[in-house]
Amino acid sequence: MSTAELLADDPLWLIIVKVVAIFAFLVVMTLFMINWERKVVARMQQRPGPNRVGPGGWLQSLADGLKLAFKEDIRPVLADKWVFFLAPVISTIPAFVAFSVIPIGGEVSIFGERTALQLVDLPVGVLVVLACSSLGVYGIVLSGWASGSPYPLLGALRSAAQVISYEIAMGLSIVAVVMHSHSLSTSDIVDAQSNGWYFYLLPVSFLIYVCSMVGETNRAPFDLPEAESELVGGFHTEYSSLKFALFFLAEYVNMVTVSALATTLFLGGWRFPFVGDDHVLNSGWFGLLWFVIKTLGFLFLFIWLRGTLPRLRYDQFMRLGWKFLVPIALVWFVAVAFARYLRQEWETAGGLDTSTALIVIGAFLAVVLVIAFLLPDKREVHDPDAVPITGGGFPVPPLDLKVPKAPPRRQVRVAELPGADDQTQEPAAVPAASHKEASDGRV
């Protein structure tokens, strides 16, 4: 029986159980990820991480969440009341909805009812995930606009440009997977990988997706919307209490969702490697275990990148997306289409196998990708006589400009009095304002 047929027979109580289970799973994964990230980064930096609250410090994130819920909720005077309140909700809801189409296991029995470990199986499940991840940016943009402050607005605009840029590259990387599996359904894509996972059959799509998912979730080294050095705190600068916690909940749930989608698209989903469908390791609740392990591998990649790489400049980040990832994804899409054409034309004549063609083309593009990373950027020749200009074309003072010294104090000639000598004297007392006016040349 197919996954769609199993889910169609689910009673109402089982659907409610699945909804609550998915919600609880994502919340627990968020609490676990926050603490795990702090511990791993602390280990990388050779310092102790959270080790006080709970056994081994594993309840620290729960304590922080409870503390945020009971903190004072402050709303700026210039903020739009309703939009300021709804923006965190708009960011959080799509993050949870996107996980509903992810298959986290095979066929199981729940209280005697045969079902699949998936809430819903849609014919366009991949598009649902992409749409939900795109809708999440509306909450970020609205939060920056409704705060009534320029710095959150700048962070929100950065996030909008970032998500749009990397959403295109992510969509193009998924197109090759859809072409190879002949379906947009997530469960069908998992079934199509029973003979081989797509991360080595479609290596370029896998690398582009990994780069895009890091950029789309605003994570280091692409965490430019909340760059503390130039934007204070980004789009959530004016938020506090539970609203601030909702933004962090949405960020970590999005991390879990894109990691789960990467597992579904490229690592065979819940299937155990190198065994058939009838093997005991692919039966029952074992699929949930393999799915969680693969997802944690991608989540560890997020932490590894945060503790290793510095933040990119914004121009470098946009150049990577538009001038590198998108063109490579387009070339790879054409290569996959050409390989499938070769298979259809030469399959009966013993021509080139599709897998071999994809591996060869993927290796070539991977070499091009590495060379492009290693090539230094073109350096502009510095002309010392040139007048520096800003982006608007207006001249700016030179960087080595020195402020001239203040002029010496002027002497004041005292009026001649009878019996007094003609001499120049300093005034006994000069007000502070007079000194300032004299230094400005107004006296």
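This structure is a prediction, so every number in the text was calculated from the model and none was measured.

Caption draft 1: Fine view of the overall build of the protein. Of the regular secondary structure elements, the protein holds 15 helices and 4 strands. Taking all 443 residues of the protein together, 41% fall into the buried category. In the protein, the proportion of contacts linking residues at least 24 apart, taken out of those at least 6 apart, comes to 75%. Surface summary for the protein: the accessible area is close to 24,900 Å², and the carbon and sulfur share equals 67%.

Caption draft 2: Structural view of the packing of helix α4 (residues 81-98) against helix α11 (residues 241-266). Orientation of α4 relative to α11, taken along the N-to-C sense of each, is 20°, at an axis distance of 9 Å. As far as their axial angle goes, α11 and α4 are roughly parallel. Both α4 and α11 take part in a crossing whose hand is left-handed. Mapping the contact onto sequence places Phe 84, Phe 85, Ala 87, Pro 88, Ser 91, Thr 92, Ala 95, Phe 96 and Ala 98 in α4 and Lys 243, Leu 246, Phe 247, Leu 249, Ala 250, Val 253, Asn 254 and Thr 257 in α11. For the contact of α4 with α11, the per-class residue count stands at 12 nonpolar, 4 polar and 1 charged.

Caption draft 3: Inspection of α4 at higher detail. Residue Ala 87 marks the point of greatest curvature in α4, where the axis turns by about 25°; the proline Pro 88 follows within four residues. Taken residue by residue, α4 has Phe 84, Ala 87, Pro 88, Ser 91, Thr 92, Pro 94, Ala 95, Phe 96 and Ala 98 as its buried positions. On its buried face, α4 is in contact with α2 (12-44), α5 (125-146) and α11.

Caption draft 4: Geometry of the nonpolar core. Ranked by internal contacts, the top residues of the largest apolar core, which has 78 residues, are Phe 99, Tyr 209, Met 213 and Leu 265. Once you skip the residues sitting within four places of it in the chain, Met 213 turns out to touch Met 170, Val 258, Ala 262, Phe 298, Leu 301 and Phe 302. Counting 9 residues, the second largest nonpolar core, distinct from the first, contains Ala 79, Phe 84, Ala 87 and Ala 156.

Caption draft 5: Spotlight on the packing of aromatic side chains. The final tally for this structure, using the stated rule, is 23 aromatic pairs. Arranged with centres 5.5 Å apart and planes meeting at 65°, the rings of Phe 206 and Phe 266 form a pair that is edge-to-face. Separated by 60 residues along the polypeptide, Phe 206 in helix α9 (residues 203-216) and Phe 266 in helix α11 bring together distant segments of the chain. Classification of Phe 206 by relative accessible area gives buried; the value is 16%. Put simply, the rings of Trp 197, Phe 199, Tyr 200, Phe 206, Tyr 209, Phe 266 and Phe 298 pair up and form one aromatic cluster. One residue, Lys 39, lies across the ring of Trp 58, its end atom 5.3 Å from the ring centre. Its end group placed over the ring of Trp 270, Arg 271 keeps NZ or CZ at 5.0 Å from the ring centre.

Caption draft 6: Summary view of the pattern of salt bridges. Tallying each qualifying case throughout the model produces 11 salt bridges. For Lys 243, the salt bridge identified is with Asp 73, shortest N-O distance 2.4 Å. Within this pair, whereas Lys 243 is found in helix α11, its partner Asp 73 is found in the loop between α3 (60-69) and α4, the two being separated by 170 residues in sequence. Using a relative accessible area of 12% as the deciding quantity, one classes Lys 243 as buried. Arg 313 is the salt-bridge partner of Asp 315, the closest N and O atoms lying 3.0 Å from each other. Overall, Arg 313 belongs to the partly exposed group, its relative accessible area being 48%. Through salt bridges with shared partners, one network takes in Glu 37, Arg 219, Glu 251 and Arg 306.

Caption draft 7: Layout of unusual backbone geometry. The omega torsion of the bond from Ala 220 to Pro 221 falls at 5°, within 30 degrees of zero and hence cis. Counting through the fold element by element, Pro 221 comes out in the loop between α9 and α10 (228-231). Positive phi is not limited to glycine here, since Gln 46 has a value of about 55°. Position of Gln 46 relative to the elements: it lies in the loop between α2 and α3. Of note in the backbone geometry, His 182 takes a positive phi value of approximately 60° without being a glycine.

Caption draft 8: Fine view of the environment of Lys 294. Inspection of the secondary structure assignment puts Lys 294 in helix α12 (residues 286-308). With 34 residues separating them along the chain, Lys 294 and Ala 260 place their C-alpha atoms 8.1 Å apart. Those residues in contact with Lys 294, other than ones at most four positions away along the chain, are Trp 197, Thr 263, Leu 267, Gly 268, Gly 269, Trp 270 and Arg 271.

Caption draft 9: Spotlight on the side chain of Thr 186. Relative to the elements of secondary structure, Thr 186 occurs in helix α7 (residues 186-192). A distance of 2.6 Å separates the side chain of Thr 186 from the backbone oxygen of Val 101, its partner in a polar contact.

Caption draft 10: Highlighting a nonpolar patch on the surface. Taken together, the side chains of Trp 82, Phe 85, Leu 86, Ile 90, Leu 135, Tyr 138, Leu 142, Trp 145, Tyr 151, Leu 153, Leu 154 and Leu 157 define a hydrophobic patch exposed on the protein surface, amounting to about 1,200 Å² of accessible area. Every element with two or more residues in the nonpolar patch is listed here: α4, α5 and α6 (150-181). Relative to the elements of secondary structure, Ile 90 occurs in helix α4. With relative accessibility at 30%, the residue Ile 90 sits in the partly exposed group.

Caption draft 11: Region of interest: the pairing of strand β2 (residues 113-116). As paired elements, strand β1 (residues 107-110) and β2 share 4 bridges and run antiparallel to each other. Along β2, the bridge assignment pairs Ser 109 with Arg 114. Linking β1 to β2, which pair antiparallel, is a turn of 2 residues; within it Phe 111 sits at a positive phi near 55°.

How each quantity is defined
Residues numbered from 1 in each chain as written. Predicted model: local features only at pLDDT ≥ 70, side-chain atom pairs only at ≥ 80, totals over all residues. Heavy atoms only, no water. Helix = DSSP H or I, 4+ residues; strand = E, 2+ residues; numbered from the N terminus. Buried < 20%, exposed > 50% of the residue type's maximum accessible area, 1.4 Å probe, protein only. Contact = heavy atoms within 4.5 Å. Areas by Shrake-Rupley, 256 points an atom, 1.4 Å probe, with all protein chains shown as cover. Axes fitted to C-alpha atoms, helices over the stretch in contact; angles between N-to-C directions. Parallel < 35°, antiparallel > 145°, perpendicular 65-115°, else oblique. Left-handed = near helix turned anticlockwise from the far one by under 90°. Nonpolar A, V, L, I, M, F, W, Y, C, P; charged D, E, K, R; others polar. Bend = angle between axes of the 7 residues up to and from the residue. Core = buried A, V, L, I, M, F, W, Y, C linked by side-chain atoms within 4.5 Å. Phe/Tyr/Trp six-rings, centres within 6.5 Å; stacked < 30°, edge-to-face > 60°. Lys NZ or Arg CZ within 6 Å of the ring centre and 35° of its normal. Salt bridge = Lys/Arg side-chain N within 4 Å of Asp/Glu carboxyl O. Polar contact = N/O pair within 3.5 Å; in protein donor to acceptor, adjacent residues only side chain to side chain. Patch = residues over 30% accessible without salt bridge, like charges linked within 9 Å, V, L, I, M, F, W, Y side chains within 5 Å. Pairing = 2+ DSSP bridges.

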